[in-house]
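Here are the chains, one letter per residue:
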Protein chains: 2
Amino acid sequence: MTTEQQQLTDIRNQIDEIDRQIQVLIGERAKCAQKVADIKTQGGKVDAVFYRPEREAQVLRAVKERNDSVLPDESMAKLFREIMSACLALEQPVTVAYLGPEGSYSHASVLKQFGSSVVAHPVSTIEAVFEAVEKGEANYGLVPVENSSEGVVKSSQNELMRTRLKVSGEVEMEIHHCLMSQSLEHAQIKKVVAHQQALGQCEQWIKNHLPGAEVEAVESNALAAKMAQADATLAAIASEEAAQLYQLNILDRHIEDYHDNNTKFWVVGKDITQPSGLDKTSLIISIHNKAGALLDVLECFSKRNINMTRIISRPSTEKTWDYVFFIDVIGHKDDANLKEALDEVETKSAFYKLLGSFPVSPL
Amino acid sequence: MTTEQQQLTDIRNQIDEIDRQIQVLIGERAKCAQKVADIKTQGGKVDAVFYRPEREAQVLRAVKERNDSVLPDESMAKLFREIMSACLALEQPVTVAYLGPEGSYSHASVLKQFGSSVVAHPVSTIEAVFEAVEKGEANYGLVPVENSSEGVVKSSQNELMRTRLKVSGEVEMEIHHCLMSQSLEHAQIKKVVAHQQALGQCEQWIKNHLPGAEVEAVESNALAAKMAQADATLAAIASEEAAQLYQLNILDRHIEDYHDNNTKFWVVGKDITQPSGLDKTSLIISIHNKAGALLDVLECFSKRNINMTRIISRPSTEKTWDYVFFIDVIGHKDDANLKEALDEVETKSAFYKLLGSFPVSPL
């Protein structure tokens, strides 16, 4: 055996010993998870809640904070995400409805949030995601709520208004677009095809770089790439993977107008999430149409030093008020300070609906 | 705090302590992986091989063998699959080309074999998978080679004949089909649409249950489901997920003629795989067209007690011989016994090509 071979053998033996220890510990962890399930169902309780978003967020945050290994924080957190997912599946398999198809950004978000032991349940509309949770076909649903450049997703907002489901988590995904075509030159492109959201995210770029081209919205970016495969006067906006798949030339990368292009997804479910130590609270309000009314409401937060991370207004579909506001603040609804603020906001609003408190995403 | 809450808090503290220990060990493992990379590249070597299929197979087999935890063997192996995947990504990210789109069975096989830290690279044909590896755009390729009911995949066979790539791993995936339609009754179905492979896998079932219906092969099962959404006289064959996605009624489940319906995939790459302790060897031979010639070759294995797990014949495309045989045997090409057998087979064959030795799948 050469010195190199001997060195490699020694390290592999070390790795084997480490693996044995890791395995024993994962086994102990799984036994603990079973004990948790036993305690929760003792006395024949049937409505026990097994998935605890606040607990998972705490574990993942702790993993990232104490990580001093050569693995990136993200990779280490992902491994614990998988260990928790496997242990949770022992207690109770979790089904999550999402906007399909498989392989979409929504699907990737489900796996990011719940780990790969989740039962991912694709449906074809945002409304169907909510319905699946309401009917109990899925334990949770995951829906896109906002894109950093394109703004809010209306159907998700509508369903959040209508339904009694709670928001119990948030996931963010970075999204990048490429321009692709059979052609190798911009001059040959007569039309740009893509999903409406992608067209919106690249609007300025298209105007600047393809001033003469038409744009056409189609069902999905994958379909756009497929159309471009069949017609060299078309260019599609889609992911790098789509270009490979449909053998198209990538003319430009990262063509999104805002390079920090990401989509925020929310997890919706029936249960209230307990405090994790670093949470957000979301609510919908509408106010009477009189001068200073909004300011009056917002002061309920600011005078208590409560940070507002987002406020979005939209015209109401009801006659009785003019505007509806979607507001996110830092804190859990059970924090004394925020509880007081929310109580005050409720008295000052024409309509008030608490969507829920949930952990700030640790991933 | 109630007794139940106290019990849960105690167990959670135990889990936190276990997690801390697991994390320290994963960190040590990652450091070992880095040392392996350092040794392999010392002296400026650039062609070092980091992914070692035989080593991964050994680790996963050991994990399953010693598993006495409450987690199923499969779940435990999957967690170690992920830990190895993360550690390997530290040494060198591995890119694997496969037959897209994302979300296909091929994609699932890539993740099953390489873990989620792999860079999965979808391409649109089987030929393109081989090409991507030959050109060095991907470290490995993954291709379907055989379905348990439909038989071999011809384009993979052709490429294995043509190319100099080696087979370095196998993955098996179970595949289930459903019949789905807008209609709720079989009597309303005039035509069944699906990918050619799926139609073949359900041929008897269709003849028995929908004797009057036409069948039409389309590009993919996903497209078939989409067509069925638009036309209630159509039924599609596809996965349960597709029915959910396109809001079709599932009329029948598990309609594959052979319930043990699975597809075998092979990993192809440029490197030779070392023995893992439980391996297969694949070869292609052709023999002169004379009585007893095949028997003569097969005896080279049987007289040495070498198990043949598969033999597939196909007509040759070359004039100089009549039949080509794809043969799998148990053992590694460097095992003394098998080496002797292979040497003898080579002398007796008109054409002889060793496709490679690789670990019997531990997953």
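The structure presented is a predicted model; accordingly, all values stated were derived computationally and were not measured.

**Student:** So what's going on with the overall build of chain A? Which residues, and what values?
**Tutor:** Assigned secondary structure in chain A consists of twelve helices and 15 strands. By its C-alpha atoms, chain A is 70 × 65 × 40 Å across when sized along the principal axes. The buried share of chain A, taken over its 363 residues, is 52%. Sequence separation of 24 or more characterises 75% of the internal contacts of chain A that already satisfy a separation of 6 or more. Surface summary for chain A: the accessible area is close to 16,300 Å², and the carbon and sulfur share equals 49%. With 38 positive and 52 negative side-chain charges, chain A shows a spacing of 6 Å between the two charge centroids.

**Student:** Which residues make up the sheet that holds strand β12 (residues 279-286) of chain B, and what values do they have?
**Tutor:** Residue and element names in this part refer to chain B. An order of β13-β14-β12-β15 is seen for the four strands of this open sheet, with the pairing classed as antiparallel. For this open sheet the edge positions go to β13 (308-315) and β15 (351-359), each flanked by a neighbour on one side alone. Adjacent strand axes in the sheet meet at a mean angle of 15°, parallel and antiparallel pairs treated alike. Against the sheet, helix α11 (residues 293-302) makes contact with β12, β13 and β14 (323-330), and its axis sits at roughly 15° relative to β14, the strand it touches most. On the sheet, helix α12 (residues 336-348) packs against β12, β14 and β15 and is oriented at approximately 10° with respect to β12.

**Student:** Explain the relation of the copies chain B and chain A to me, using residue names and the numbers behind them.
**Tutor:** For the match of chain B to chain A, the screw axis carries a shift of 0.0 Å, the RMSD comes to 0.0 Å, and the turn is 180°. Between the two chains, the operation in question is that of a two-fold axis.

**Student:** Let's hear about the packing of helix α5 (residues 126-134) of chain A against helix α6 (residues 154-162) of chain A: which residues, and what values?
**Tutor:** Residues and elements named next belong to chain A. Two numbers describe how α5 lies on α6: the axes approach to 9 Å, and their chain directions differ by 30°. Regarding the angle of α5 to α6, the classification is roughly parallel. Regarding α5 and α6, the two cross each other, and that crossing is right-handed. Contacts from Ile 126, Glu 127, Phe 130 and Glu 134 in α5 reach Ser 155, Ser 156, Glu 159, Leu 160 and Arg 162 in α6. Here the residues of the contact of α5 with α6 sort into three nonpolar, two polar and four charged.

**Student:** Can you break down the interface of chain B and chain A residue by residue, with the values?
**Tutor:** Contacts between chain B and chain A engage 63 residues on the former and 63 residues on the latter. In this assembly, chain B packs against chain A so that about 6,200 Å² is buried in total across both faces, 64% of it on carbon and sulfur atoms. In this assembly, chain B and chain A are joined by four salt bridges. Two residues, A:Arg55 and B:Asp16, come together in a salt bridge whose shortest N-O distance is 3.1 Å. Only α1 (3-41), α2 (53-66), α3 (73-91), β2 (119-123) and α10 (240-245) of chain B provide two or more residues apiece to the side of chain B that touches chain A. At 28 residues, the largest contribution of residues to the side of chain B that touches chain A is made by α1(B).

**Student:** Tell me about the packing of helix α1 (residues 3-41) of chain A against α3(B), residues and numbers included.
**Tutor:** At a minimum axis separation of 11 Å, α1(A) and α3(B) run at an interaxial angle of 130°. The orientation of α1(A) with respect to α3(B), classified from their angle, is oblique. In this structure, α1(A) crosses over α3(B), and the sense of that crossing is right-handed. Residues A:Asp19, A:Ile22, A:Gln23, A:Ile26 and A:Gly27 of α1(A) form the contact with α3(B), whose own contacting residues are B:Met76, B:Leu79, B:Phe80 and B:Ile83. Partitioned by chemical class, the residues of the contact of α1(A) with α3(B) number six nonpolar, two polar and one charged.

**Student:** Describe the domain arrangement of chain A, listing the residues and the values that go with them.
**Tutor:** For chain A, the domain assignment lists domain 1 (22-92), domain 2 (93-174 + 261-271), domain 3 (178-253) and domain 4 (275-359). Each of domain 2 of chain A and domain 3 of chain A was reduced to a C-alpha centroid, and the two centroids are 27 Å apart.

**Student:** Mind laying out helix α4 (residues 105-114) of chain B, listing which residues take part and the relevant values?
**Tutor:** Residues and elements named next belong to chain B. Within α4, burial applies to Ser 106, His 107, Ser 109, Val 110, Gln 113 and Phe 114. Each buried residue of α4 lies within a common arc of 160° when the element is viewed along its axis, so the set occupies one face. The positive-phi residue at the C-terminal boundary of α4 is Gly 115, with phi of around 80°.

**Student:** Let's hear about the confidence of the model for chain A: which residues, and what values?
**Tutor:** In the predicted model, chain A carries a mean pLDDT of 88, and 95% of its residues have values of at least 70. When pLDDT is averaged over each element of chain A, helix α12 (residues 336-348) of chain A comes out on top at 96 and strand β4 (residues 151-152) of chain A at the bottom at 74.

**Student:** Talk me through the sheet that holds strand β14 (residues 323-330) of chain A; I want residue IDs and the actual numbers.
**Tutor:** Residue and element names in this part refer to chain A. Spatial ordering of the open sheet is given by β13-β14-β12-β15, a layout of four strands whose pairing is antiparallel. Only two strands of the sheet have a single neighbouring strand rather than two, namely β13 (308-315) and β15 (351-359). The mean inter-strand angle of the sheet, taken between neighbouring strand axes irrespective of direction, is 15°. Taken strand by strand, α6 contacts β12 (279-286), β13, β14 and β15, and its axis lies near 110° from that of β15. The sheet contacts of helix α11 (residues 293-302) involve β12, β13 and β14, and relative to β14 the element is tilted by about 15°.

**Student:** Give me the lowdown on the nonpolar core, citing residues and values where you can.
**Tutor:** By size, the foremost hydrophobic cluster in this structure holds 48 residues, and its most contacted members are A:Ile22, A:Ile26, A:Phe80, B:Ile22, B:Ile26 and B:Phe80. Of all elements in the fold, only α1, α2 (53-66) and α3 (73-91) of chain A together with α1, α2 and α3 of chain B reach the threshold of two or more residues within this core. For A:Ile22, the contacting residues outside a window of four places in its chain are B:Ile22, B:Leu25, B:Ile26, B:Phe80 and B:Ile83.

**Student:** Mind laying out the packing of aromatic side chains, listing which residues take part and the relevant values?
**Tutor:** A full pass over the atoms with the stated rule returns eight aromatic pairs over all chains. Here A:Tyr51 and A:Tyr140 contribute two aromatic rings whose centre-to-centre distance is 5.1 Å and whose plane-to-plane angle is 70°, an arrangement assigned as edge-to-face. Here A:Tyr51, found in the loop between α1 and α2, pairs with A:Tyr140, found in strand β3 (residues 140-147); they are 89 residues apart in sequence, far enough to count as distant. Note on accessibility: A:Tyr51 and A:Tyr140 belong to one class, buried. Their ring planes at 35° and their centres at 5.9 Å tell us that B:Phe114 and B:Tyr140 sit as a pair that is tilted. With B:Phe114 in helix α4 and B:Tyr140 in strand β3 (residues 140-147), this residue pair connects regions lying 26 residues apart in the sequence. Pair check on accessibility: B:Phe114 and B:Tyr140 agree, each one buried. An aromatic cluster is defined as three or more aromatic residues linked by ring pairs; in this entry it consists of A:Tyr51, A:Phe114 and A:Tyr140.

**Student:** Explain the pattern of salt bridges residue by residue, including any values.
**Tutor:** According to the stated counting rule, one finds 44 salt bridges over all chains in the structure shown. Note that B:Arg52 and B:Glu54 form a salt bridge whose closest N and O atoms lie 2.5 Å from each other. We classify B:Glu54 as buried; its relative accessible area is 4%. Bridged by salt links that share partners, the residues A:Asp296, A:Lys303, A:Arg304, A:Glu340, A:Glu344 and A:Lys348 form one connected network.

**Student:** Report on the UniProt feature "site: Essential for prephenate dehydratase activity" (unreviewed entry) in chain A, specifying residues and quantitative values.
**Tutor:** All names here are of chain A. UniProt's entry tags Thr 263 with the feature "site: Essential for prephenate dehydratase activity" (unreviewed entry), counted in the numbering of this structure. Position of Thr 263 relative to the elements: it lies in strand β11 (residues 262-269). Beyond its immediate sequence surroundings of up to four residues, Thr 263 is in contact with Pro 144, Glu 146, Asn 147, Val 171, Glu 172, Met 173 and Ile 175.

Rules used in this analysis
Residues numbered from 1 in each chain as written. Chains lettered and ligands numbered in written order. Predicted model: local features only at pLDDT ≥ 70, side-chain atom pairs only at ≥ 80, totals over all residues. Heavy atoms only, no water. Helix = DSSP H or I, 4+ residues; strand = E, 2+ residues; numbered from the N terminus. Buried < 20%, exposed > 50% of the residue type's maximum accessible area, 1.4 Å probe, protein only. Contact = heavy atoms within 4.5 Å. Areas by Shrake-Rupley, 256 points an atom, 1.4 Å probe, with all protein chains shown as cover. Lys, Arg positive; Asp, Glu negative; His and termini not counted. Charge placed at Lys NZ, Arg CZ, Asp CG, Glu CD. Pairing = 2+ DSSP bridges. Axes fitted to C-alpha atoms, helices over the stretch in contact; angles between N-to-C directions. Least-squares fit on C-alpha atoms with pLDDT ≥ 70 in both. Parallel < 35°, antiparallel > 145°, perpendicular 65-115°, else oblique. Left-handed = near helix turned anticlockwise from the far one by under 90°. Nonpolar A, V, L, I, M, F, W, Y, C, P; charged D, E, K, R; others polar. Buried area = accessible area lost by both parts, 1.4 Å probe. Salt bridge = Lys/Arg side-chain N within 4 Å of Asp/Glu carboxyl O. Domains from an automatic or database assignment. Arc of directions from axis to C-beta. pLDDT = per-residue confidence, 0-100. Core = buried A, V, L, I, M, F, W, Y, C linked by side-chain atoms within 4.5 Å. Phe/Tyr/Trp six-rings, centres within 6.5 Å; stacked < 30°, edge-to-face > 60°. UniProt positions renumbered as here; feature names shortened; annotations may be inferred.

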